[in-house]
Amino acid sequence: MERPDKALGELCAASAWEMEQLRSQMQALEDVVLDVLERGTAPTSQELRSLQDFDLVIQTLSGLSGFYKRVQAQVDESGPADLPTAAAGVTLEKLRERLRAAGSMAST
(Lines give C-alpha, C1' and ligand atoms only; values in the text may rest on other atoms or scores of the structure.)
Protein backbone atom coordinates (compact mmCIF):
# COMPACT_ATOMS: atom_id res chain seq x y z
CA MET A 1 0.00 0.00 0.00
CA GLU A 2 1.25 3.48 -0.84
CA ARG A 3 2.09 5.85 1.97
CA PRO A 4 -1.00 7.86 3.00
CA ASP A 5 1.02 11.09 3.09
CA LYS A 6 2.02 10.53 -0.55
CA ALA A 7 -1.64 10.08 -1.54
CA LEU A 8 -2.55 13.18 0.45
CA GLY A 9 0.23 15.09 -1.29
CA GLU A 10 -1.15 14.04 -4.68
CA LEU A 11 -4.63 15.14 -3.64
CA CYS A 12 -3.32 18.49 -2.42
CA ALA A 13 -1.43 19.01 -5.67
CA ALA A 14 -4.54 18.20 -7.72
CA SER A 15 -6.64 20.52 -5.55
CA ALA A 16 -4.11 23.33 -5.86
CA TRP A 17 -4.13 22.88 -9.63
CA GLU A 18 -7.95 23.05 -9.70
CA MET A 19 -7.92 26.21 -7.57
CA GLU A 20 -5.37 27.84 -9.89
CA GLN A 21 -7.53 27.00 -12.90
CA LEU A 22 -10.55 28.54 -11.18
CA ARG A 23 -8.57 31.64 -10.28
CA SER A 24 -7.47 32.03 -13.87
CA GLN A 25 -11.01 31.56 -15.17
CA MET A 26 -12.37 34.10 -12.71
CA GLN A 27 -9.72 36.62 -13.75
CA ALA A 28 -10.67 36.18 -17.40
CA LEU A 29 -14.36 36.55 -16.55
CA GLU A 30 -13.65 39.69 -14.53
CA ASP A 31 -11.81 41.16 -17.52
CA VAL A 32 -14.78 40.48 -19.82
CA VAL A 33 -17.25 42.01 -17.37
CA LEU A 34 -15.10 45.10 -16.86
CA ASP A 35 -14.71 45.54 -20.64
CA VAL A 36 -18.48 45.39 -21.13
CA LEU A 37 -19.14 47.78 -18.23
CA GLU A 38 -16.52 50.29 -19.35
CA ARG A 39 -17.77 50.20 -22.92
CA GLY A 40 -21.38 50.61 -21.81
CA THR A 41 -22.83 48.49 -24.59
CA ALA A 42 -24.32 45.03 -24.77
CA PRO A 43 -21.80 42.19 -24.73
CA THR A 44 -20.68 40.78 -28.07
CA SER A 45 -21.47 37.18 -28.95
CA GLN A 46 -17.88 36.23 -28.07
CA GLU A 47 -18.20 37.95 -24.68
CA LEU A 48 -21.48 36.13 -24.03
CA ARG A 49 -19.79 32.81 -24.78
CA SER A 50 -16.99 33.75 -22.39
CA LEU A 51 -19.48 34.68 -19.68
CA GLN A 52 -20.96 31.19 -19.86
CA ASP A 53 -17.79 30.08 -18.04
CA PHE A 54 -19.41 31.38 -14.85
CA ASP A 55 -21.54 28.24 -14.94
CA LEU A 56 -18.46 26.02 -15.30
CA VAL A 57 -16.77 27.77 -12.37
CA ILE A 58 -19.88 27.27 -10.23
CA GLN A 59 -20.12 23.59 -11.21
CA THR A 60 -16.42 23.05 -10.48
CA LEU A 61 -16.69 24.67 -7.05
CA SER A 62 -19.78 22.59 -6.31
CA GLY A 63 -18.01 19.41 -7.42
CA LEU A 64 -14.98 20.12 -5.25
CA SER A 65 -17.16 20.99 -2.27
CA GLY A 66 -19.15 17.77 -2.60
CA PHE A 67 -15.97 15.74 -3.04
CA TYR A 68 -14.45 17.09 0.17
CA LYS A 69 -17.70 16.59 2.07
CA ARG A 70 -17.74 12.93 0.98
CA VAL A 71 -14.08 12.51 1.98
CA GLN A 72 -14.85 14.01 5.40
CA ALA A 73 -17.86 11.71 5.83
CA GLN A 74 -15.71 8.69 4.97
CA VAL A 75 -13.08 9.71 7.50
CA ASP A 76 -15.73 10.31 10.18
CA GLU A 77 -17.41 6.96 9.50
CA SER A 78 -14.55 4.56 8.85
CA GLY A 79 -11.20 6.30 9.26
CA PRO A 80 -9.44 6.07 5.91
CA ALA A 81 -10.72 8.02 2.93
CA ASP A 82 -11.54 6.28 -0.34
CA LEU A 83 -10.77 9.10 -2.76
CA PRO A 84 -11.85 7.34 -5.97
CA THR A 85 -15.22 6.55 -4.37
CA ALA A 86 -15.57 10.12 -3.13
CA ALA A 87 -14.79 11.34 -6.64
CA ALA A 88 -17.57 9.16 -8.08
CA GLY A 89 -20.15 11.70 -6.91
CA VAL A 90 -18.58 14.52 -8.93
CA THR A 91 -20.78 15.26 -11.95
CA LEU A 92 -18.17 17.05 -14.08
CA GLU A 93 -16.48 14.17 -15.91
CA LYS A 94 -13.05 15.75 -16.40
CA LEU A 95 -12.91 16.98 -12.80
CA ARG A 96 -13.99 13.53 -11.56
CA GLU A 97 -11.23 11.89 -13.63
CA ARG A 98 -8.57 14.28 -12.27
CA LEU A 99 -9.67 13.66 -8.67
CA ARG A 100 -9.73 9.91 -9.21
CA ALA A 101 -6.24 10.02 -10.70
CA ALA A 102 -4.97 11.93 -7.67
CA GLY A 103 -6.72 9.48 -5.36
CA SER A 104 -5.68 6.31 -7.15
CA MET A 105 -2.50 6.17 -5.10
CA ALA A 106 -4.55 5.78 -1.94
CA SER A 107 -6.25 2.63 -3.20
CA THR A 108 -3.14 0.84 -4.53
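The structure presented is a predicted model; accordingly, all values stated were derived computationally and were not measured. (Residues numbered from 1 in each chain as written. Predicted model: local features only at pLDDT ≥ 70, side-chain atom pairs only at ≥ 80, totals over all residues. Heavy atoms only, no water.)

K.L.:
Now, about a nonpolar patch on the surface: what can you tell me, with residues and values included?
P.N.:
Together, Met26, Val33, Leu34, Leu37, Phe54 and Ile58 give the surface a local cluster of nonpolar side chains, amounting to about 520 Å² of exposed area. Looking at the nonpolar patch, the elements with two or more residues in it are helix H1 (4-39) and helix H3 (53-78). In terms of residue count, H1 provides more of the nonpolar patch than any other element does, four residues in total. Leu34 sits in the partly exposed class, given a relative accessible area of 39%. (Patch = residues over 30% accessible without salt bridge, like charges linked within 9 Å, V, L, I, M, F, W, Y side chains within 5 Å. Areas by Shrake-Rupley, 256 points an atom, 1.4 Å probe, with all protein chains shown as cover. Salt bridge = Lys/Arg side-chain N within 4 Å of Asp/Glu carboxyl O. Helix = DSSP H or I, 4+ residues; strand = E, 2+ residues; numbered from the N terminus. Buried < 20%, exposed > 50% of the residue type's maximum accessible area, 1.4 Å probe, protein only.)

K.L.:
How would you explain H3 if you had to name every residue and give the values?
P.N.:
Counted at 1.5 Å a residue, the expected span for H3 with its 26 residues is 38 Å, and the 37 Å between its end C-alpha atoms agrees. Residues of H3 that are buried include every one of Val57, Thr60, Gly63, Leu64, Gly66, Phe67, Val71 and Gln74, and no others. One or two steps after H3, the chain reaches Gly79, where phi turns positive at roughly 100 degrees. (Expected span 1.5 Å × (residues − 1).)

K.L.:
Got a sec to walk through a negative patch on the surface? Specific residues and values, please.
P.N.:
Together, Glu30, Asp31, Asp35 and Glu38 make up a negatively charged patch on the protein surface. Classification of Glu30 as partly exposed rests on a relative accessible area of 41%. (Lys, Arg positive; Asp, Glu negative; His and termini not counted. Charge placed at Lys NZ, Arg CZ, Asp CG, Glu CD.)

K.L.:
Quick rundown of the pattern of salt bridges? Include the residues and the values.
P.N.:
Inspection of every chain in the model, using the stated rule, returns three salt bridges. Put simply, Arg98 and Glu18 hold a salt bridge, and the shortest N to O gap is 2.4 Å. Of the two residues, Arg98 sits in helix H5 (residues 93-107) while Glu18 sits in helix H1, which places them 80 residues apart along the sequence. You can call Arg98 partly exposed: its relative accessible area is 32%. Using a relative accessible area of 3% as the deciding quantity, one classes Glu18 as buried. Where Arg39 meets Glu47, a salt bridge forms, and the shortest distance between an N and an O atom there is 2.7 Å.

K.L.:
Give me the lowdown on the packing of aromatic side chains, citing residues and values where you can.
P.N.:
Inspection of every chain in the model, using the stated rule, returns one aromatic pair. The interplanar angle of 75 degrees and the centroid separation of 5.1 Å between the aromatic rings of Phe67 and Tyr68 together place this pair among those described as edge-to-face. (Phe/Tyr/Trp six-rings, centres within 6.5 Å; stacked < 30°, edge-to-face > 60°.)

K.L.:
Account for the side chain of Glu47, naming residues and giving values.
P.N.:
Here Glu47 lies in helix H2 (residues 45-51). We classify Glu47 as buried; its relative accessible area is 12%. Not counting chain neighbours up to four residues away, the residues in contact with Glu47 comprise Val32, Asp35, Val36, Arg39 and Ala42. (Contact = heavy atoms within 4.5 Å.)

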